Structures are given as C-alpha cells and as structure tokens.
Amino acid sequence: MSDTLLRAIARDAGIQISAAVTTGLVERARQIHDTSPVATAALGRTLTATAIMGSQLKTDDGSVTVQVKGNGPLGTIVCVGDADGWVRGYLQNPACELPLRADGKLDVGGGVGRGYLMVIKDIGLKDPVTGTVALVNGEIAEDLTRYFAESEQLPSACALGVLVDTDRTVRCAGGWLVQLMPGVKDSDIDRLEANLAKLAPMTAMLDKGMTPEEIVLAVLDGFAVDFLQTDAIGYRCACSRDKVERALISMGRTELAKMAEEREKSEVTCQFCDKIYTFTRAELQQLLRQAEK
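Per chain, residue numbering runs from 1 following the sequence as it is written. For a predicted model such as this one, the threshold for reporting local features is a pLDDT of at least 70, and the threshold for listing and counting side-chain atom pairs is 80 or more; totals across whole chains, interfaces and linings nevertheless cover every residue. Excluding hydrogens and water, the side-chain values take into account all heavy atoms of the structure.

Caption draft 1: Here's a closer look at the packing of aromatic side chains. Note on ring pairs: Phe, Tyr and Trp rings are taken, using the six-membered ring of Trp, and paired if centres are within 6.5 Å. Classes follow the plane angle, with under 30 degrees stacked, over 60 edge-to-face and the rest tilted. Following the criterion strictly, the structure yields 2 aromatic pairs and no others. When the ring of tyrosine 90 is compared with that of phenylalanine 272, the centres are 5.2 Å apart and the planes differ by 70°; the resulting orientation is edge-to-face. Highlighted residues: tyrosine 90 in strand β5 (residues 87-91) and phenylalanine 272 in the loop between β11 (265-269) and β12 (276-280), separated in sequence by 182 residues. With respect to burial, tyrosine 90 and phenylalanine 272 carry one shared label: buried. Note on tyrosine 147 and phenylalanine 148: the rings are 5.2 Å apart at their centroids and 65° apart in plane angle, and the pair reads as edge-to-face. Exposure class is identical for tyrosine 147 and phenylalanine 148. Each is buried. Here, a charge over a ring is recorded when the distance from Lys NZ or Arg CZ to the ring centre is within 6 Å and its angle to the ring normal is within 35 degrees. The ring centre of phenylalanine 272 lies 5.9 Å from the NZ or CZ of arginine 88, which sits over that ring. Above the face of the phenylalanine 223 ring, arginine 191 is positioned so that its terminal group lies 5.0 Å from the ring centre. Secondary structure is summarised from DSSP: a helix means a run of H or I of at least four residues, a strand means a run of E of at least two, and numbering begins at the N terminus for each. When accessible area is computed with a 1.4 Å probe and restricted to protein chains, residues below 20% of their type maximum are described as buried, those above 50% as exposed, and intermediate ones as partly exposed.

Set out below in structure tokens:
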C-alpha cells in the first residue's frame, strides 16, 4: 500500500482527525540517512507528524517545520512538510545506537533527551508563525499533544509508530492526530476518551494491515464519520543548485572567499537528501562577485 493521508470529521460532534500510513517515506528517509533503528523511529515519528501538520495548512504554498531539540545522543531532529503532506527531514546523529527499553521497545525518549519542540509555520505572512514547548518525554507524540494544547489551544491526542524489522528496514509506520473543536460536548469527549483507552498501539494496528480509514473508524468508534479527503504523500526534497547558490551567497563574502581560496573544488551536501553539489573555484569566485553586488 502506498503512503496515504486521510482527513475526516465526526459528524455533529466537533472532532477532526487525520490518519496517515507513512511506511514508504520513512523507509526512504532511512535509506538516505542510513539510520540506526532508534534513529529511524525518532525521525519516522517526526516525519509522520510533520506530514499531518503540513496537510492542515490553509495555504497551498505553505510549509511547516518541526524541530525537536533535545540533549540526548540523537541530537536535533528537523522535518519540513509542505501543504500537500509531502515531507523531508534529517537528524544530527543517524548512527546513534541505544539499548532497548525494559519493555523491549526502542528508546526514542532516551535518544531525544530533555529540551524543547519548536513548530514554525510559513503561511504567506510577513513573518513565520512560531510556537515552542518543553518536551514531555521525547517520544514525539506526547510532545506534540503538549504543543497543540499550549501553543494552539487545541485539545488533541496523537499516536505515532514506527516498527523496525530485524534487518533494520521499516516494517510499518504511521500515525493519527485527533483534535477537539470549540463547542464539543462533554459526552462526546467521554466517548472519545473511552475509545482511546481501549485502542491498540499504532504499530500493532499498522502491522495488522489496517488502512487509514480503519484506523479512523477505530478512534471514532460509535461516531458518525465523514471522510473528507485522501491524499498520496511521500518523501520529497526541494533542493536545487539555485537554492544552494543562494545559501552560499548568504554565508557572506568573508566565508565565501575563504572557501574559494582553500580548495580547487568544494562540495556542498543537502542535509535532507544527501545530494552533493560541486563548485569549482571559478564558480565560487563568480558567486563572490554576486555577493559583493
């Protein structure tokens, strides 16, 4: 099954939900960055959440950046999502290896550590909209729940899961995000909470082959559900030589001159897709002349 993202609402109940299967895009990220199992899980959860948040943007050319800055051995995680749900991301230490937790699960929280989560939304305004919250436990889902409650005043619940196989590939990945709209009735909240209490873990549902539709119906059991939109999503890097040139110019004349002076050829690697852009000394000197203008 290809990666898909589904949006739905509980009819007459003031509850909205998004559910995504992201196995393919998380495996693509694993291949690009050659991640360890715990790094795959941490990056995969963040990519999944970013895809869901990107799809909620109201502007077609908008984007959302999710940064998880913890003091654990994984280092900073950065993911960017576009309004169509397509994403890209990287983390500082993809080779990080950690012992499993006592319950046999990957120790994502231990890998992330303590710190904060920042969300930056570029929705066509003069300045991006930014919100920052302290991490709850570094497991990503609970941290995002806090972000929505504190920064967007949206009561939410979130589940994210990445199951890594014995050969270190991604067996399944996905997540759901449910949010309460203003005016939701107490009885509907109680029903939703009862559903969440009996819900299977995300990876268990995915490993059984449940589709986004089936996951939504499990979360909203007992509600009348309207399915709004299903979109294909995936991993997509937006890098280009032109963008790299602009980034080099933005470094400033001193740094650019130093690069041109030190090497006959310089390589710049895209953090999101590991593509290498090569610049000769003459090309850097040409960029230097542009920077001086």
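Caption draft 2: Molecular detail of the pattern of salt bridges. When a carboxyl oxygen of Asp or Glu lies within 4 Å of a side-chain nitrogen of Lys or Arg, that pair is called a salt bridge. Counted according to the given criterion, the structure contains 18 salt bridges. Residue lysine 121 pairs with glutamate 152 through a salt bridge whose shortest N-O separation is 2.6 Å. Residue lysine 121 is located in strand β6 (residues 115-122), and its partner glutamate 152 is located in the loop between α4 (141-151) and β8 (156-164); the two are separated by 31 residues in the primary sequence. The class of lysine 121 is buried, set by a relative accessible area of 16%. Residue glutamate 152 is classed as partly exposed on the basis of its relative accessible area, which comes to 25%. Put simply, aspartate 188 and lysine 185 hold a salt bridge, and the shortest N to O gap is 3.6 Å. Through salt bridges with shared partners, a single network forms among Arg45, Arg101, Asp103 and Glu139.

Caption draft 3: Representation of unusual backbone geometry within the structure. Its identity is not glycine, yet isoleucine 140 carries a phi of approximately 80°, on the positive side. Turning to its location among the elements, isoleucine 140 is positioned in the loop between β7 (129-134) and α4. Although it is not a glycine, arginine 168 adopts a positive phi angle of roughly 75°. In this structure, arginine 168 sits in the loop between β8 and β9 (170-180). Exposure remark for arginine 168: the relative accessible area of 35% places this residue in the partly exposed category.

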